[in-house]
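# Coordinate analysis (summary)
This is what each chain is made of:
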Amino acid sequence: MSKITKEQYEFALARIEELLPLVGDETPANDRNAIELTMMSDVVVDYEKEYFPIGKPSVAELIELSLEEKGMTQKQLAKEIGVSPSRINDYVSGRAEPTLRIARLLCQVLNITPAQMLGC
């Protein structure tokens, strides 16, 4: 597919807004509006993938998000893995990277996969 211009992207966004009220779950897949909505959505997705890529979360973001999901405090995590609360704060703020041993414990306690921890 050729490069999508900003103008095409903006047109597609506007057209999606117009088409959304016209297409519902009961609309047949071969309906003209449903087909156009799919095409406009593809344009938006392709443009956003190129110009607004979503990067992988950092170790600090992974820890912070996992703490939120588990409803756990940094202090609780520190106690669980045997480090000081200030050390956990260093990881969450990005001032320090965990050692391999601590990374393994973080993965176990926070249910983070090793691949995520390594940024894969």
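Residues numbered from 1 in each chain as written. Predicted model: local features only at pLDDT ≥ 70, side-chain atom pairs only at ≥ 80, totals over all residues. Heavy atoms only, no water.

## So, a negative patch on the surface
Stated formally: Patch construction takes residues with relative accessible area above 30% that form no salt bridge. Like charges are linked within 9 Å, and nonpolar side chains (Val, Leu, Ile, Met, Phe, Trp, Tyr) are linked within 5 Å. With residues, only the protein chains shown are counted as cover, and all accessible areas are computed by Shrake-Rupley using a 1.4 Å probe. Criterion for a salt bridge: a side-chain nitrogen of Lys or Arg within 4 Å of a carboxyl oxygen of Asp or Glu. His is not counted here, nor are the chain ends, while Lys and Arg score as positive and Asp and Glu score as negative. Positions of charges follow a simple convention, taking NZ of Lys, CZ of Arg, CG of Asp or CD of Glu. Segments assigned H or I by DSSP are reported as helices when at least four residues long, segments assigned E as strands when at least two residues long, and all are numbered from the N terminus.
A cluster of like negative charges, contributed by E61, E64, E68 and E69, occupies part of the molecular surface. Relative to the helices and strands, E69 is located in helix 3 (residues 59–70).

## Thoughts on helix 5 (residues 85–93)
Residues spaced three or four apart along an α-helix face the same direction, because each turn holds 3.6 residues. The line we're drawing: A 1.4 Å probe rolled over the protein chains alone gives each residue an accessible area, and that area as a share of the maximum for its type sets the label: buried under 20%, exposed over 50%, partly exposed in between. Pairs of residues are marked as contacts when any of their non-hydrogen atoms sit within 4.5 Å.
Those residues of helix 5 that sit buried are I88, D90, Y91 and V92. Close packing links the buried residues of helix 5 with helix 3, helix 4 (74–81) and helix 6 (100–110).

## Looking at unusual backbone geometry
Residues other than glycine seldom take positive phi values, yet N111 does so here, at roughly 55 degrees. Overall, the relative accessible area of 58% leaves N111 in the exposed class.

## Points about the confidence of the model for the protein chain
As a reminder, the rule being used: The pLDDT score gives, residue by residue, the confidence of the prediction method on a 0 to 100 scale.
Looking at the protein chain as a whole, its pLDDT mean stands at 92, while 98% of the residues score no less than 70. Of all the helices and strands in the protein chain, helix 7 (residues 114–117) carries the lowest mean pLDDT, 86, while helix 4 carries the highest, 96.

## A look at the pattern of salt bridges
On inspection of all chains with the given rule, the structure shows six salt bridges. For E50, the salt bridge goes to K3, with nearest N and O atoms at 2.3 Å. Residue E50 is found in helix 2 (residues 32–51), and its partner K3 is found in the segment before helix 1 (6–19); the two are separated by 47 residues along the sequence. Residue D90 pairs with R95 through a salt bridge whose shortest N-O separation is 3.1 Å. With a relative accessible area of 56%, R95 lands in the exposed category.

## What to know about the environment of K70
By the secondary structure assignment, K70 is in helix 3. As for K70 and E26, which are separated by 44 residues in sequence, their C-alpha atoms are 38 Å apart. When sequence neighbours within four positions are dropped, the list of residues in contact with K70 reads V109, L110 and N111.

## Focus on the layout of surface pockets
The condition that has to hold: Grid points spaced at 1 Å over the protein atoms alone were grouped into cavities, where a 1.4 Å probe fits but cannot get out, and pockets, open sets with protein on both sides within 12 Å along at least five of seven lines, with lining residues defined by an atom within 4 Å of a point. Grid points are joined across faces, edges and corners, and a volume is the space filled by probe spheres set on the points. Gly is put with the polar residues, along with every residue not named as nonpolar or charged; the nonpolar set is Ala, Val, Leu, Ile, Met, Phe, Trp, Tyr, Cys and Pro, and the charged set is Asp, Glu, Lys and Arg.
Each pocket or cavity is described by its volume, and for the largest pocket that value is around 200 Å³. Around the largest pocket, the lining residues are V59, E97, P98, L100, A103, R104, C107, P114, M117 and L118. It is helix 6 that provides the largest number of residues to the lining of the largest pocket, a total of four residues. Residues of the lining of the largest pocket, tallied by class, amount to eight nonpolar, no polar and two charged.

## Some words on the packing of aromatic side chains
Put simply, the rule is: Only rings of Phe, Tyr and Trp enter the pairing, Trp through its six-membered ring, and a pair is recorded when the two centres are within 6.5 Å. The plane angle decides the type: under 30 degrees is stacked, over 60 is edge-to-face, the rest tilted.
If you walk through the whole model with that rule in mind, you get four aromatic pairs. Seen in terms of ring centroids, Y9 and F52 are 6.4 Å apart; in terms of plane orientation they differ by 50 degrees. Their pairing is tilted. Placement of Y9 in helix 1 and of F52 in the loop between helix 2 and helix 3 is noted, with a sequence separation of 43 residues between them. The class for F52 is partly exposed, based on a relative accessible area of 48%.

## Examining the environment of K3
As a reminder, the rule being used: As used in this structure description, the phrase polar contact means that two N or O atoms lie within 3.5 Å; if the pair is within protein, one of them must be able to donate a hydrogen and the other to accept it, and residues adjacent in sequence are counted only when both atoms belong to side chains.
The class for K3 is exposed, based on a relative accessible area of 55%. In this structure the C-alpha to C-alpha distance between K3 and V43, which are 40 residues apart in sequence, comes to 9.9 Å. Not counting residues up to four positions away in its chain, the partners in contact with K3 are Q8, E50 and Y51. In this structure the side chain of K3 is engaged in a polar contact, spanning 2.3 Å, whose partner is the side chain of E50.

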